[in-house]
Amino acid sequence: VESYVCTKRNPVSQMFSRRAWRLLAPNFPEVIARPHNIAARGAMLLGAHLAGAAIENSMLGATHALANPLTAHYGITHGSAIGIMLPHVVRYNALVVNSAYGELTADLGWCAADEPAAGEHLANRLGKLVEQAGAPCDLEAFGVERRRLRVLAEEAAEQWTGKTNPRPVDVESLEELYRCALSS
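Presented here is a report on the structure given in the accompanying data block. Keep in mind that what you see is a predicted model, and the values were worked out from it rather than measured.

Considering helix α3 (residues 38–56)
- Under the 1.5 Å per step criterion, the end-to-end length of α3 is 27 Å for 19 residues, consistent within 8% with the ideal 27 Å.
- Three or more residues of α3 are buried, namely A40, A43, M44, G47, L50, A53 and A54.
- Between the side-chain oxygen of the N-cap and the backbone nitrogen of A39 there are 3.1 Å, and the N-cap of α3 in question is N37.

What follows is the structure, encoded as structure tokens:
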């Protein structure tokens, strides 16, 4: 999702991103529901590979910038931190890349490509995927304290991955994203 909209995106990275998305998004809930489904697991493996190729050909965004301080200060695993923060970053970025989010949501029949609220639909679906996995959906579950959000945001603002977010971020916007994720 991030490599599809980052400022370093290009036709090659978007091709990899979109193909990865079409494999990962529908197969993730299948693997959660039926872990022994080898075909779904194979699709996830190929999707993960293609997502990596997308990242190598472009970059990431604010979600990863926000995740790193969470791991450093609270020991939150990378995947959990990404899962919690991504829906909030999608909502934040929808102001400038809603049409790209519309393409992703339309790929899976979640809404029309030109849906004005495509970013919101995508964010909600991403949150549901985290929930289906049984993973925590907010930072409160990890004991993240409101009083520490400013320090986390200052560190997130220094992360290189945030520099290619499609909508510019700064300490204030990153702190607000953490605040949104504190009690989703």
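Some words on the packing of helix α4 (residues 62–74) against helix α5 (residues 78–107)
- Contact geometry for α4 and α5: axes closest at 8 Å, N-to-C directions at 140°. Our classification of the angle between α4 and α5 gives oblique. Note that α4 runs across α5; the crossing there is right-handed. Listed contacts from α5 to A62, T63, H64, L66, A67, N68, L70 and T71 of α4 are H78, A81, I82, M85, L86 and V89.
- Residue composition of the contact of α4 with α5, grouped by class: 9 nonpolar, 5 polar and no charged.

Here is what the cut-offs are and how they apply
Counting restarts for each chain: residues are numbered from 1 in the order of the written sequence. pLDDT decides what is reported in this predicted model: residues at 70 or higher carry local features, side-chain atom pairs at 80 or more are listed and counted, and totals for whole chains, interfaces and linings draw on all residues regardless. The basis for every side-chain value is the complete set of heavy atoms in the structure, and neither hydrogens nor water enter the calculation. The way it works is that DSSP assigns letters per residue, a run of H or I at least four long becomes a helix, a run of E at least two long becomes a strand, and they are numbered from the N terminus. Multiply 1.5 Å by the residue count of a helix minus one, and that product is the helix's expected span. Relative accessibility decides the category of a residue: with a 1.4 Å probe and only protein chains considered, values under 20% of the type maximum give buried, values over 50% give exposed, and everything between is partly exposed. Here a polar contact is taken to be a pair of N or O atoms separated by no more than 3.5 Å, where protein atoms must pair a possible hydrogen donor with a possible acceptor and residues adjacent in sequence count only if both atoms sit in side chains. Here an axis means a line fitted to C-alpha atoms, over the contact stretch when the element is a helix, while the angle between two N-to-C directions is reported on a 0 to 180 degree scale. Working definition: roughly parallel below 35 degrees, roughly antiparallel above 145 degrees, roughly perpendicular at 65 to 115 degrees, and oblique for all remaining angles. When the near helix sits turned anticlockwise from the far one by under a right angle, the crossing is termed left-handed; a clockwise turn instead gives a right-handed crossing. Contacts: residue pairs with any heavy atoms within 4.5 Å of one another. Polar here means any residue outside two lists: the nonpolar Ala, Val, Leu, Ile, Met, Phe, Trp, Tyr, Cys and Pro, and the charged Asp, Glu, Lys and Arg; Gly therefore counts as polar.

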